[in-house]
Amino acid sequence: MNLIVAADKNWAIGKDNKLLVSIPADMKFFRTKTVNKVVVMGRKTLESFPNGQPLKNRINIVLTRNKDYRPKGVVVVHDLGELLDEVKKYPADDVYCIGGDSVYKLLLPYCDTAYVTKIDFAYEADSFFPNLDQMPDWIRTDQSEEQTYFDLEYVFTTYKKN
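Everything numeric in this text was worked out from a predicted model, so none of it was measured.

Asker: Kindly report on the overall build of the chain, identifying the contributing residues and their values.
Answerer: Within the chain, the regular secondary structure consists of four helices and twelve strands. In terms of overall dimensions, the chain is globule-like: its C-alpha atoms have a radius of gyration of 15 Å, near the 15 Å expected for 162 residues. The dimensions of the chain, computed from C-alpha atoms along their principal axes, are 45 × 35 × 25 Å. Residues classed as buried in the chain amount to 43% of the 162 residues present. For the chain, the proportion of contacts with a sequence separation of at least 24, taken over those separated by at least 6, is 63%. Of the roughly 9,100 Å² of accessible surface on the chain, 49% is carried by carbon and sulfur atoms. Each charge class in the chain can be summarised by its mean position, and for the 22 positive and 23 negative side chains these summaries are 6 Å apart.

Asker: Outline the side chain of Asp8, supporting the account with residue identities and numerical values.
Answerer: Note on placement: Asp8 falls in the loop between strand S1 (2–7) and strand S2 (12–15). Among the polar contacts listed, one links the side chain of Asp8 to the backbone nitrogen of Ala12, at a separation of 2.9 Å. At 2.7 Å, the side chain of Asp8 and the backbone nitrogen of Tyr123 are in polar contact.

Asker: Which residues make up the sheet that holds strand S9 (residues 127–128), and what are the values?
Answerer: Strand order in this open sheet of three strands is S3-S2-S9, and the pairing throughout is antiparallel. At either end of the open sheet lies a strand with only one pairing partner, and these are strand S3 (18–19) and S9. Where S2 meets S9, two bridges bridge the pair, whose relative direction is antiparallel. Residue pairing for S9: Ala12 is matched across the bridge by Phe128.

Asker: Requested: an account of the packing of aromatic side chains, with residues and values cited.
Answerer: In this structure the tally under the stated criterion is nine aromatic pairs. Ring centres of Phe29 and Phe156 lie 4.7 Å apart, and the angle between their planes is 35°; this geometry places the pair in the tilted category. Here the residue Phe29 occupies a position in helix H1 (residues 24–34), and Phe156 occupies one in strand S12 (residues 152–161), the gap between them amounting to 127 residues. A relative accessible area of 15% places Phe156 in the buried class. What links up through ring pairs into an aromatic cluster is the set Phe29, Tyr96, Tyr115, Tyr154 and Phe156.

Asker: Pulling in residues and values, what's your account of the side chain of His78?
Answerer: As for its placement among the helices and strands, His78 is situated in the loop between strand S6 (75–77) and helix H3 (80–87). Separated by 3.5 Å, the side chain of His78 and the backbone oxygen of Asn66 make a polar contact. When near neighbours in sequence (up to four residues on either side) are disregarded, His78 contacts Leu63, Thr64, Arg65, Asn66 and Lys67.

The rules behind each value
- Per chain, the residues get numbers from 1 upward, laid out in the order the sequence is written.
- In view of the model being predicted, local features appear only for residues whose pLDDT reaches at least 70, and side-chain atom pairs are presented and counted only at 80 or more, with totals across whole chains, interfaces and linings using the full set of residues.
- Computation of side-chain values: all heavy atoms of the structure, hydrogens and water removed.
- Numbering of helices and strands starts at the N terminus; helices are DSSP runs of H or I of at least 4 residues and strands are runs of E of at least 2.
- In this setup the radius of gyration rests on C-alpha atoms only. A globule is expected at 2.2 Å times the number of residues raised to 0.38.
- Buried residues are those whose accessible area, probed at 1.4 Å on protein chains only, stays under 20% of the maximum for their type, while exposed residues exceed 50% and partly exposed ones sit between those limits.
- In what follows, residue pairs with any heavy atoms lying within 4.5 Å of each other are defined as contacts.
- Per-residue and other accessible areas follow the Shrake-Rupley method at a 1.4 Å probe size, with only the shown protein chains counted as cover for residues.
- Counting rule applied: Lys, Arg positive; Asp, Glu negative; His and chain ends not counted.
- Positions of charges follow a simple convention, taking NZ of Lys, CZ of Arg, CG of Asp or CD of Glu.
- For this analysis, a polar contact is any N or O atom pair within 3.5 Å, provided that within protein one partner can donate a hydrogen and the other can accept it, and provided that sequence-adjacent residues contribute only side-chain to side-chain pairs.
- The rule for pairing is simple: two strands pair if DSSP sees at least two bridges between them.
- By convention, a stacked pair of Phe, Tyr or Trp rings (six-membered ring in the case of Trp) has centres within 6.5 Å and planes under 30 degrees apart, an edge-to-face pair has planes over 60 apart, and any other such pair is tilted.

Here is the structure:
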């Protein structure tokens, strides 16, 4: 399984159930990686999308404890075991964890590749991603040239589990 995330210099990823910033090149990178693939997310992440609609041209799997939660166009699972059984139906390289923070933390041990857009800025935030640079079992294997969006600098990085 893969994961894909945009994080600031403190590994912050969101505030008030919203992304910290929307960078067009990051959105394009996300689409390129996940289109025609499987995306795994928590309920609040799905609800943060425009009109709470699932992402087009992807299989959307939502993890929630709410047994009555049945949005259209998604596969709903209620616990880790059920989720892992569901994602076994697909090639591991086609499955992307897309958040939020509790789902990232839950699934990190099951992921072997992390695509992290690292933004060189510190935002006010209330959700964070684990700092892969401080985890000895994760190694940065690739990093793009520095990009800019207005005055923001960022890089696309790839981490692999050792």
